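# Chains, contacts and geometry: an overview
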Amino acid sequence: MADNKPTSKTYTLASGDKMPAIGLGTWQSAKDGSCQAAVEAALAAGYRYIDTALAYGNEHEVGAGVKAAGIPREQLWITTKLDNPWHKRVGEGIDTSLKNLGTDYVDLYLMHWPSSTRPDDLKKHYDDWNFIDTWREMQKLVGSGKVRNIGVSNFGITNLEKLLNHPDTKIKPSVNQIELHPNNPSPKLVAYCKDKGIHVTGYSCLGSTGSPLYKDPVVLSIAEAKGKTPQQCLLQWGIQNGWDVIPKSVTKERIEANFALDGWSLTDEEVHKLSNLKDRRKVCGDAWLPVKVFFGDDE
Ligand SMILES: NC(=O)c1ccc[n+]([C@@H]2O[C@H](COP(=O)([O-])OP(=O)(O)OC[C@H]3O[C@@H](n4cnc5c(N)ncnc54)[C@H](OP(=O)(O)O)[C@@H]3O)[C@@H](O)[C@H]2O)c1
């Protein structure tokens, strides 16, 4: 692992762009200055990748943190996402995010969920619009200079098949950002994406807020054997499995510790053990959406 440091490791997307293996997540990072401070702490620690979303309401703090850090824009990777009630307003959505972030372009623009939710009633889906229509609009952004890559998030195999097989799909999603941690390892979906040449980003990579993984006996025994924290082992597991990880923290010491992944690795046996925990738990389901998006095809 010495000449392949996780912190300088990148994944090459279909466009040829190189996406870092570890970024800072920002879902639930408070808009009271905490999100900005977290971004500044991450960039000072060496992170060069921030994951945010219009729906998180903190893009302006991400932008302020990036500005304060003063790192040249071309050295950074910024991912943001089109919010569900904005599916009919893709152009307005990206312009709003760029303005919030204070940047001319994002490296990756994701459709946050395959749900074209009506802005006037979040419990309803449009009758005359779906994610294929949204993707058609997102494709128009490529070449505009506003986005370097487009992708999707929370797509299971059923919806990916629909998207990939549609005649209007001219650009394949470069990334599918999905929930991935040892309580939700989704090997079939990961293998499907790999087969289709779609890079995977693992979200809730630590198991999210109140993660039971921090007390899991298998995780703890591996962490003890390595002399590492449970969180470092969970992140290393994701990177060694081939996806990038985006741990969220607003705590400076944790942000720094989560980035200390160089110079050691998990053995194949340890990776296997983490991939085969007995407990299964999914943090982000689809019950809150007006349409079902998972059909048992995200396992
Ligand atoms: N595309 C999607 O639909 C989607 C959905 C969910 C998440 N995401 C993205 O993925 C990112 C990560 O997922 P997540 O926010 O659900 O959760 P996560 O990164 O799995 O876990 C975050 C939680 O772990 C804590 N934590 C972080 N590092 C720690 C450490 N070293 N020791 C102890 N606790 C630690 C954080 O606390 P503190 O902050 O208090 O330190 C926070 O409570 C999100 O922030 C977001 O960017 C995307």
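Throughout this description, residue numbers start from 1 for each chain and increase along the sequence as written. The predicted origin of the model limits local features to residues at a pLDDT of at least 70 and limits the giving and counting of side-chain atom pairs to 80 or more, whereas totals for whole chains, interfaces and linings rest on all residues.

Per an unreviewed UniProt entry, the recorded name for the protein chain is NADP-dependent oxidoreductase domain-containing protein, and the organism is Microdochium bolleyi. UniProt positions are given in the numbering used here, feature names are shortened, and annotations may be inferred rather than shown by experiment. Within the UniProt record for the protein chain, the comment given under Sequence similarities (unreviewed entry) is "Belongs to the aldo/keto reductase family." Checking UniProt for the protein chain, the heading Subcellular location (unreviewed entry) contains the comment "Cytoplasm".

### Quick notes on helix α3 (residues 90-101)
A run of H or I in DSSP counts as a helix once it spans at least four residues, and a run of E counts as a strand once it spans at least two, with each numbered from the N terminus. The length a helix should cover is 1.5 Å for every residue beyond the first. Between its first and last C-alpha atoms α3 spans 16 Å; for 12 residues at 1.5 Å apiece the expected length is 16 Å, and the two agree. Residue burial here comes from a neighbour count, namely the number of other C-beta atoms, placed from the backbone, that lie within 10 Å of the residue's own C-beta, with 20 or more meaning buried, 12 or fewer meaning exposed, and in between meaning partly exposed. If you check which residues of α3 are buried, you get V90, G93, I94, S97, L98 and L101. Buried residues in α3, looked at end-on, bunch into an arc of 125°, giving them a common side. Residues of α3 that are exposed and point more than 90 degrees away from the buried face comprise E92, D95 and K99. By definition, residues are in contact whenever their C-beta atoms, placed on the basis of the backbone, come within 7 Å of each other. Tucked inside the fold, the buried residues of α3 contact α2 (59-69), β5 (77-82), β6 (108-111) and α4 (131-141). Positive backbone phi, at 65°, marks G102, one or two positions downstream of α3. Note that the arc is computed from the directions linking the helix axis to the C-beta atoms.

### Some words on the nonpolar core
Working definition: the nonpolar core is a set of buried Ala, Val, Leu, Ile, Met, Phe, Trp, Tyr and Cys residues, joined through C-beta atoms within 7 Å. Residues I22, A38, V39 and Y109 are the most contacted members of the largest nonpolar core, which totals 72 residues. Here this core takes 7 residues from helix α1 (residues 34-45), the largest share from any one element. Non-local contacts of I22, meaning those with residues more than four positions away in its chain, are made with P6, T7, Y47, Y49, L235, I239, D244, V245, F259 and L261.

### Concerning the sheet that holds strand β3 (residues 24-25)
Two strands in a sheet stick together by hydrogen bonds in their backbones, pointing the same way (parallel) or opposite ways (antiparallel). On the basis of which strands lie adjacent, the open sheet formed by 8 strands has the order β3-β4-β5-β6-β9-β10-β11-β12 and parallel pairing. Only two strands of the sheet have a single partner each, and these edge strands are β3 and β12 (244-245). Only when DSSP finds a minimum of two bridges between them are two strands counted as paired. Two strands pair when backbone bridges link them, and strand β4 (residues 49-51) and β5 are joined in this way by 3 bridges, in the parallel orientation. What sits directly across from D51, in β5, is T79. Axis angles are defined between N-to-C directions and span 0 to 180 degrees, where every axis is a line fitted to C-alpha atoms and, for a helix, only to the segment in contact. Relative to β5, α3 is tilted by about 140°, and along the sheet it contacts β5 and β6.

### Notes on the pairing of strand β9 (residues 150-153)
Because side chains alternate across β9, one face comprises the buried residues I150 and V152, and the other comprises G151 and S153, equally buried. Of the strand pairs in this sheet, β6 and β9 are connected by 3 bridges, and their pairing is parallel. Residue pairing in the sheet places M111 in a bridge with V152 of β9. Bridge count between β9 and strand β10 (residues 175-179): 2 bridges; the pairing is parallel. Bridging from a neighbouring strand, S153 pairs with Q177 of β10. If you view a crossover with the strands going away from you and the path from the first strand over the helix to the second runs clockwise, you call it right-handed. Crossover β9 to β10 through helix α5 (residues 157-165) is right-handed.

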